[in-house]
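Tertiary structure, described
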Amino acid sequence: MEVGNWKLGVAKYNSVVMNNVIDFINTNRDRYVDELKEYLAIPSISALPQHQADVRRCAEWTAEEMRRIGLQNVRLIETPGNPVVYGDWLGAAGSPTILFYGHYDVQPVDPVELWESPPFQATVRDGEIYARGSADDKGQVFMHLKAVEAHLKQTGRLPVNMRIILEGEEEVGSAHLDDFVKAHKNELSADVVVISDSPMFDRGIPSICYGLRGLVYFQIDLRGTKSDLHSGSFGGAVANPAMVLAQVLAQMKDKGGRVKIPGFYDAVRPLRDEERAEFKKLPFNETRYRKELGAPKLFGESGYSTLERVWGRPTFEVNGLLAGFTGEGAKTVIPAVAMAKVSMRLVPDQEPDAIARLFEAYVAKVAPKTVELKVTRMHGGKPWMTDFDNPFVQAAGRAIEKGFGKAPVFNREGGSIPVVATFQEILGLPSVLFGVGLPDENAHAPNERLDLGNFHGGIIASAYLYDEVARTR
Ligand code: BES
Ligand code: ZN
């Protein structure tokens, strides 16, 4: 199957109504791309205070679009942070209810000079649309809105009841979403959560994701002295915080890639043999993977394959480092401070709070008394895993097969969507994660993109999904 060449709508479906919906989608292909460009033009970067107004403008644009396509009760629901956009259609008495979740906020665009086209001027090249948020997650949210639109415009109804919530703080840790879910339990009552905020397994290999890693994120600040010092006058007399930071970080993993924090692995659910066997069956080419990443050699916990490492094993990573003189030329200085941002990806049954405590204790133990240490916990989320004998997962499988002409594979992912565990715990709802991004979509990086063939296939699959979910009852 080639880029932009999905055999759209070829799947035979005996319902005239569904065929009409699919015809509508096929006829409106170009319009969808034009509209998506408009959506992607709004720089809704939740991490940067100077974009706060844009984030709100994006929420309003989303709400307007939801009204346009015929959803009801559309409104912004305020939180202490960015608003949640809510809309529903509850006219399918007796049918199940889907709670669709996505996010309209995006990541910052730095380093902007590496973008081949401006991040907020969506540009189509070789059947892919390039823009920040194209894959993560506006493009995938829009795909569902267009599927809903096709049903409502073509038939005046949806086969299922639908509630949609789109948040504006996913990329900064969804700080207010747990409280939102608790406070709006009734408005969120549903049978299943649907999310499209992840990549598919590979180009031409659609997938359903049944596991996500969790996360705990920290900032480490070290101070050595009151101010920077001349490294000639003072070098050798005081500890250098940049050096100390390097030493502390070096003690987080051993040479075999195993995290050294005591107790870190205690709650890790071991990968089952059957699951490892399933991973092995997937068409994963390690050499191609390595080359695409531009890595001289892959590295990870010994005893595990690459997919096992990323999907089923926890890790410790340094996300950023700051210390001393980094400008052009040379400056002989001992920095007063050094800072690192670090995070740990977690797997079932690791608990973010418990891991956070283990990490804090370990850092306090390995950091020498020659520097002042401050450890600040930032955002995080629980890992999540579901089994796929749930009827909604099976329904999604059939829908994807109809949209993409190919049955999906089942995969786990290394990324995190903290609210998925919340939906399970607070609302008791299973989630179906059906993403149409690609592993090389450059999410969070320059030149983020979404394959337009996958976008259109995804609209069709989503339209079928609502119908298939209706048929579970
Ligand atoms: N779309 C991603 C989540 C994702 C990434 C799922 C890769 C599957 C594979 C989401 O927007 C994201 O970036 N999540 C953050 C969560 C964090 C800020 C708590 C992540 O994983 O870093
Ligand atoms: Zn993201």
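The preceding data block contains the structure.
Residues numbered from 1 in each chain as written. Chains lettered and ligands numbered in written order. Predicted model: local features only at pLDDT ≥ 70, side-chain atom pairs only at ≥ 80, totals over all residues. Heavy atoms only, no water.

Overview of the overall build of the protein chain
Spelled out, the test is: Think of it this way: any DSSP run of H or I at least four residues long counts as a helix, any run of E at least two long counts as a strand, and we number them from the N terminus. Based on C-alpha atoms, the radius of gyration is set beside the globule rule, defined as 2.2 Å times the residue count to the power 0.38. Contacts: residue pairs with any heavy atoms within 4.5 Å of one another. Every accessible area reported is derived by Shrake-Rupley at a probe size of 1.4 Å, with residue values counting cover from the shown protein chains alone. Charge assignment: positive for Lys and Arg, negative for Asp and Glu; neither His nor the chain ends contribute. Charge coordinates come from a single atom per side chain, which is NZ of Lys, CZ of Arg, CG of Asp or CD of Glu.
A tally of helices and strands in the protein chain yields 14 helices and 18 strands. Here the C-alpha radius of gyration of the protein chain, 24 Å, is about what a compact globule of 473 residues would show, namely 23 Å. With respect to the three principal axes, the spread of C-alpha positions in the protein chain is 85 × 50 × 45 Å. Nonlocal contacts in the protein chain, meaning residues at least 24 apart in sequence, comprise 80% of its contacts between residues at least 6 apart. In the structure as shown, the protein chain presents an accessible area of about 20,500 Å², 51% of it carried by carbon and sulfur atoms. Charge centroids of the protein chain, computed over 54 positive and 61 negative side chains, lie 3 Å from each other.

A few points about the site of ligand 1
Under the convention used in this document: By convention in these notes, a residue is near a molecule or strand provided one of its non-hydrogen atoms lies within 4 Å of it. By the criterion applied in these results, polar contacts are pairs of N or O atoms within 3.5 Å in which, for protein atoms, one can donate a hydrogen and the other can accept it, and in which residues neighboring in sequence qualify only through two side-chain atoms.
Lining the immediate environment of ligand 1, one finds 16 residues, of which Asp-136, Glu-170, Asp-197, Arg-345 and His-444 sit closest. For ligand 1, an oxygen atom lies 2.8 Å from a polar atom in the side chain of Glu-170. At 2.8 Å, a backbone N or O of Asp-197 approaches a nitrogen atom of ligand 1. For ligand 1, whose accessible area on its own is 520 Å², the fraction buried by protein is 88%.

Focus: the coordination of the zinc ion (ligand 2)
Convention followed: Here the coordinating atoms are restricted to nitrogen, oxygen and sulfur within 2.8 Å of the metal centre, or 3.2 Å for Na, K and Ca, and because water is not among them the sites may look incomplete. Donor angles set the geometry label: tetrahedral for four donors if every angle is between 85 and 135 degrees, square planar for four and octahedral for six if opposite donors exceed 155 degrees and the others are between 65 and 115, irregular for anything else. Residue exposure (1.4 Å probe, protein chains only): buried if accessible area is under 20% of the type maximum, exposed if over 50%, otherwise partly exposed.
Of the protein atoms, only Asp-136 (OD), Glu-171 (OE), Glu-171 (OE) and His-444 (NE2) coordinate the zinc ion (ligand 2), at distances of 2.0 to 2.5 Å. One can describe the donor arrangement at the zinc ion (ligand 2) as irregular, given that its 6 donor atoms subtend angles of 55 to 156° at the metal. The sequence pattern formed by the donor residues of the zinc ion (ligand 2) is D-x34-E-x272-H. In this pair, Asp-136 sits in the loop between β5 (128-130) and α4 (138-155) while His-444 sits in the loop between β17 (431-433) and β18 (449-451), placing the two residues 308 residues apart along the sequence. The class of Asp-136 is buried, set by a relative accessible area of 10%.

Some remarks on the packing of aromatic side chains
We count it as follows: Pairing of aromatic rings covers Phe, Tyr and Trp, the last through its six-membered ring, and needs centres within 6.5 Å; plane angles under 30 degrees mean stacked, over 60 mean edge-to-face, and all others mean tilted. Definition used: whenever NZ (Lys) or CZ (Arg) falls within 6 Å of the ring centre and also within 35 degrees of the ring normal, the charge is taken to sit over that ring.
The full count for this structure, using the stated rule, is 10 aromatic pairs. Relative to Phe-142, the ring of Tyr-39 has its centre 5.8 Å away and its plane inclined at 45°; by these criteria the two rings are tilted. You can see Tyr-39 sitting in helix α2 (residues 29-40) and its partner Phe-142 sitting in helix α4, a full 103 residues away along the chain. Summarising the burial analysis for this pair, Tyr-39 and Phe-142 share the class buried. On the numbers, 5.2 Å between centres and 85° between planes, the contact of Phe-264 with Tyr-265 is edge-to-face. Exposure remark for Tyr-265: the relative accessible area of 12% places this residue in the buried category. Through successive ring pairs, a cluster of aromatic residues spans Tyr-39, Trp-61 and Phe-142. Between the NZ or CZ atom of Lys-138 and the centre of the ring of Tyr-39, over which it lies, the distance is 5.4 Å.

A look at the side chain of Glu-169
Operational definition: What counts as a salt bridge is simple: a side-chain nitrogen of Lys or Arg found within 4 Å of a carboxyl oxygen of Asp or Glu.
Residue placement: Glu-169 occurs in the loop between β6 (161-167) and α5 (177-183). Buried Glu-169, no salt bridge; nearest opposite-charge side chain is Arg-56, N-O distance 9.3 Å. Within the structure, the side chain of Glu-169 is placed 3.2 Å from the backbone nitrogen of Asn-82, a separation counted as a polar contact. Among the polar contacts listed, one links the side chain of Glu-169 to the side chain of His-176, at a separation of 2.8 Å. Dropping the residues within four chain positions of it, Glu-169 is found in contact with Thr-79, Gly-81, Asn-82, Asp-105, Ser-174 and His-176.

Topic: the sheet that holds strand β9 (residues 214-223)
Short version of the rule: Between any two strands, at least two bridges found by DSSP are needed for them to pair. Between N-to-C directions, angles cover 0 to 180 degrees, with each direction set by a line fitted to C-alpha atoms, over the stretch in contact for helices.
Reading across from one edge, β11-β13-β9-β14 is the order of the 4 strands in this open sheet, with antiparallel pairing throughout. The open sheet has two free edges, formed respectively by β11 (315-323) and β14 (372-381), since each of these has just one partner strand. For this sheet the average axis-to-axis angle between neighbouring strands, irrespective of direction, equals 15°. The pairing of β9 with β14 spans 8 bridges and is antiparallel.

Let's talk about the pattern of salt bridges
Scanning the entire structure with this criterion turns up 32 salt bridges. The network of salt bridges with shared partners includes Arg-31, Glu-35, Glu-65, Arg-68, Lys-146 and Glu-149.

Brief notes about helix α11 (residues 352-366)
The criterion, for reference: For a helix, the expected span equals 1.5 Å multiplied by the residue count minus one. The arc in question is traced by the directions running from the helix axis to the C-beta atoms.
Between the first and last C-alpha of α11 there are 21 Å, a value that for 15 residues agrees with the 21 Å anticipated at 1.5 Å per step. All buried positions along α11 are accounted for by Pro-352, Ile-355, Ala-356, Phe-359, Tyr-362, Val-363 and Val-366. Burial along α11 is one-sided: seen end-on, the buried residues are contained in an arc of 135°. Along α11, the residues that are exposed and aim more than 90 degrees away from the buried face are Arg-357 and Lys-365. In this fold, the buried residues of α11 make contact with β9, α7 (241-250), β11, β13 (337-346) and β14.

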